[in-house]
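# Coordinates in review
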Amino acid sequence: MSKNNGRQFINGQRVAANTPALESVGAKDYQPTGYIFSQATLEEVDQAAQAAHNAFAVYSQTSQAQRASFLEEVARQIEALGANLQEVASLETGLPLARLQGETGRVTGQLRLFAELLRRGDFYGARIDVALPERKPLARVDLRQYKVGVGPVAVFGASNFPLAFSTAGGDTVAALAAGCPVVFKAHSGHMATAELVAEAIEKAIEVCDMPKGTFNMIFGARIGANLVEHPLIQAAGFTGSLEGGMALYNLAQSRPQPIPFFAEMSSVNPVVVLSQALSSRGEQIAQDTVASFNMGCGQFCTKPGLILGVQGPEFDKFVAALAESTQKAVPQVMLNEGTLKSYRQGIDALNSEAGFEVIATGQDAELISQAKAHLFKADQSVLLSGNPKLQHEVFGPMSIVIGVEDEATLLKGIEALGGQLTATIIGDENELSEAGELLHLLTGKAGRVLFNGFPTGVEVSDAMVHGGPFPATSDARGTSVGTGAIERFLRPVCFQNTPQVLLPDALKDSNPLQINRLVNGQLSQAQI
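Residues numbered from 1 in each chain as written. Predicted model: local features only at pLDDT ≥ 70, side-chain atom pairs only at ≥ 80, totals over all residues. Heavy atoms only, no water.

Let's shift gears to the pairing of strand β8 (residues 182-185). A regular strand places its side chains so that they alternate between the two faces of the sheet. Because side chains alternate across β8, one face comprises the buried residues V182 and F184, and the other comprises V183 and K185, equally buried. As judged from the four bridges shared by strand β7 (residues 153-156) and β8, these two strands associate in the parallel manner. Looking across to β8, one finds that V153 is bridged to V182. Of the strand pairs in this sheet, β8 and strand β9 (residues 215-218) are connected by four bridges, and their pairing is parallel. For V182, the partnering residue across the bridge sits in β9 and is F215. Running through helix α6 (residues 191-208), the crossover from β8 to the neighbouring parallel element β9 is right-handed. (Buried < 20%, exposed > 50% of the residue type's maximum accessible area, 1.4 Å probe, protein only. Helix = DSSP H or I, 4+ residues; strand = E, 2+ residues; numbered from the N terminus. Pairing = 2+ DSSP bridges. Right-handed = clockwise from strand over helix to strand, strands pointing away.)

A few words now on the packing of aromatic side chains. Enumeration according to the criterion identifies 11 aromatic pairs in this entry. Between F156 and F238, the aromatic rings sit 5.8 Å apart at their centres with planes inclined by 70°, giving edge-to-face as the arrangement. Linking F156 in strand β7 with F238 in strand β10 (residues 235-239), this pair joins segments that are 82 residues apart in sequence. The burial state of F156 is the same as that of F238; both residues are buried. (Phe/Tyr/Trp six-rings, centres within 6.5 Å; stacked < 30°, edge-to-face > 60°.)

On the secondary structure map, T422 appears in strand β19 (residues 420-426). Only 3.0 Å separates the side chain of T422 from the side chain of N269, close enough to count as a polar contact. Discounting residues that sit within four places of it in the chain, T422 has contacts with S267, N269, P270, T302, A446, R448, L450 and P455. (Polar contact = N/O pair within 3.5 Å; in protein donor to acceptor, adjacent residues only side chain to side chain. Contact = heavy atoms within 4.5 Å.)

What follows is about the environment of I515. Checked against the element boundaries, I515 lands in the loop between β21 (490-496) and β22 (517-519). The residues touching I515, leaving out its near neighbours within four places in the chain, are R120, G121, Y124, A126, A506, S524 and Q525.

The interhelical angle for the contact between helix α14 (residues 407-415) and helix α16 (residues 436-443), taken along N-to-C directions, is 10°, at an axis separation of 10 Å. When the axes of α14 and α16 are compared, the pair comes out roughly parallel. Across the interface between the two elements, L411, I414 and E415 of α14 pack against E437, L438, L441 and L442 of α16. Its residues assigned to classes, the contact of α14 with α16 comprises five nonpolar, no polar and two charged. (Axes fitted to C-alpha atoms, helices over the stretch in contact; angles between N-to-C directions. Parallel < 35°, antiparallel > 145°, perpendicular 65-115°, else oblique. Nonpolar A, V, L, I, M, F, W, Y, C, P; charged D, E, K, R; others polar.)

In this section: the sheet that holds strand β20 (residues 446-451). By definition, the strands of a sheet pair up through backbone hydrogen bonds, in either a parallel or an antiparallel sense. Strands sit in the order β15-β17-β18-β13-β12-β19-β20 across an open sheet of seven strands; the sheet is mixed. In the strand order of this sheet, the two ends are held by β15 (356-361) and β20, each with one partner. For this sheet, the mean angle separating the axes of adjacent strands, direction not counted, is 20°. The sheet strands contacting α16 are β12 (270-273), β19 and β20, and the helix crosses β20 at an angle near 150°.

Our next topic: the nonpolar core. Among the nonpolar cores identified, the biggest contains 79 residues, and F70, L71, I78, F114, M217 and F489 are the most heavily contacted of them. By residue number, the principal contributor to this core is α6, which donates 10 residues. Beyond its immediate chain neighbours, meaning those up to four positions away, F70 contacts Y59, L176, I201, A204, I205, C208, M210 and T214. Counting 34 residues, the second-largest nonpolar core is a separate cluster that includes V272, L340, Y343 and L441. (Core = buried A, V, L, I, M, F, W, Y, C linked by side-chain atoms within 4.5 Å.)

Right, let's talk about the sheet that holds strand β23 (residues 522-524) for a bit. The five strands lie next to each other as β21-β6-β5-β22-β23, forming an open sheet whose pairing is mixed. Where the open sheet ends on each side, the last strands, each with one partner, are β21 and β23. Averaged over all neighbouring strand pairs, the angle between strand axes comes to 25°, with direction disregarded. Pairing of strand β5 (residues 127-129) with β22, which is carried by two bridges, proceeds in the parallel orientation. Residue pairing across strands places I128 opposite V519, the latter belonging to β22.

For the protein chain, the domain assignment lists domain 1 (8-265 + 479-487) and domain 2 (270-451). A C-alpha centroid distance of 33 Å is found between domain 1 and domain 2. Between domain 1 and domain 2, the contact holds 18 residues from the first and 15 residues from the second. It is Y30, N160 and E264 that lose the most area in domain 1 upon contact with domain 2, and together they represent 41% of the buried surface on that side. Linking domain 1 to domain 2 there are zero salt bridges. (Domains from an automatic or database assignment. Buried area = accessible area lost by both parts, 1.4 Å probe. Salt bridge = Lys/Arg side-chain N within 4 Å of Asp/Glu carboxyl O.)

This paragraph deals with helix α4 (residues 97-120). One turn of the α-helix equals 3.6 residues, which is why residues spaced by three or four share an orientation. Across its 24 residues, α4 extends 34 Å between first and last C-alpha, which sits within 8% of the 34 Å expected from 1.5 Å per residue. In the segment just after α4, G121 is the residue with positive phi, at about 85°. (Expected span 1.5 Å × (residues − 1).)

A few words on the pairing of β7. What you see with β7 is no split at all: V153 and V155 on one side and A154 and F156 on the other are buried throughout. In terms of handedness, the path from β7 via helix α5 (residues 170-177) over to β8 forms a crossover that is right-handed. When β7 meets β10, the two strands line up parallel, connected through three bridges. Residue pairing for β10: V155 is matched across the bridge by G237.

Once that is clear, we can look at the packing of helix α2 (residues 64-79) against α6. Helix-helix packing is described using two parameters, namely the angle between the two axes and the distance between the axes. Where α2 meets α6, the axes come as close as 8 Å, and the angle between the chain directions of the two elements is 135°. On the basis of the axis angle, α2 is oblique to α6. For the pair α2 and α6, the sense of crossing is right-handed. Along its contact with α2, which presents S69, F70, E73, V74, Q77 and I78, the element α6 presents V197, A200, I201, K203, A204, I205, V207 and C208. (Left-handed = near helix turned anticlockwise from the far one by under 90°.)

Structure, rendered in structure tokens:
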């Protein structure tokens, strides 16, 4: 890192009004790492928002090809950071190097995927209804629609993905692809990691001659609210707790000019295990389920936190196998001291709630920073009542198993659940053919429904949906993973009877971009 360590990134400069006082802390021993950062002031928040606003006038007018090349350059600059990036991230988060190497690949891969999206051009959503002057009883005017960026976007770094959901993560990439400059709030749990990636983005801005305020980053606590409330910010992306997300969402909606606020917040990701699958492979399903909710110390937003099935001898064997696998689970380092504290508070809250019982725990922690796995069993009445404790995500290596008396009760219990990021059905082929009603119900509850797998892997692709009804997210119409994420930071504009010379290339008769467009109701790439 440069001699400007710890300063804000604003309009292509490193600035800091405050003396560095925010310490980066190691995840394993809670000791300072040696990296120190400056708390952003309200004036610096304003400067960052103003820089993004000024950059928008130019950056929004760059071509899709220019933005694609820019995103690819960001990927190259991140790769040029080498192993130091993963080493710093591991120091700050406790995540293993192998996991962080994979996450680096995900970051660069999604940057290049969005570059492909830009060159393809379908994100414009171009629609053309040509004039029909002879139409009776009324003539039709010439109407042409495409999508433009909404303006400067505030992005909040996530704790559990210091690369893929942080500085150059999905929200940032989607906003930049849409033509929207970003003001990024670095997460306090990995500030040094954020600084490395921000420096890579700044280099890419310089190489590609993008406006200096295209990307800005600020450090510190108590500034998130100020950022969301700033009148020049036009949308925001957030990944974190339900409490934090809703507090910021309410601020976004109570502004004089309300703005879209896309928050990923809380999901227990139910897994429904059908009876024939339990009979044929229940022990293996149990092992795989525990491996999934314990993966990465349970610090995935798609962790299966609720396991459901119909009571009976096979289900009892399954629960016993879940307990046995949980007891073998080794303790793991959590992301930071605050995350571990929240996990323990969540476990204590379930322990004190009627209807919940701990039936297995993993091996005891050996370090102050480690958490051990927990498996709870709950009564079906807890599911049927929609108990808030059941639906509140406990972030960490735990899950809750519930057996219900019959399939009708299972459906009724699922109906009582809130919105989810994912829902999973595990069954044998012949019983899946009878699962239509269950699938329909889960489709109304989750952004992604999967079969005979586990939800902790989220592919970055065109078809992926990482979202869902409340409280999983604040807006079920979007996704924060995959190319569909760009839609959150675009808005439609219609041009009526506009001269060809003034139309954007995406809407001209000659179709110079050679993109697919809906012309008079027909999908076409041809000239008009």
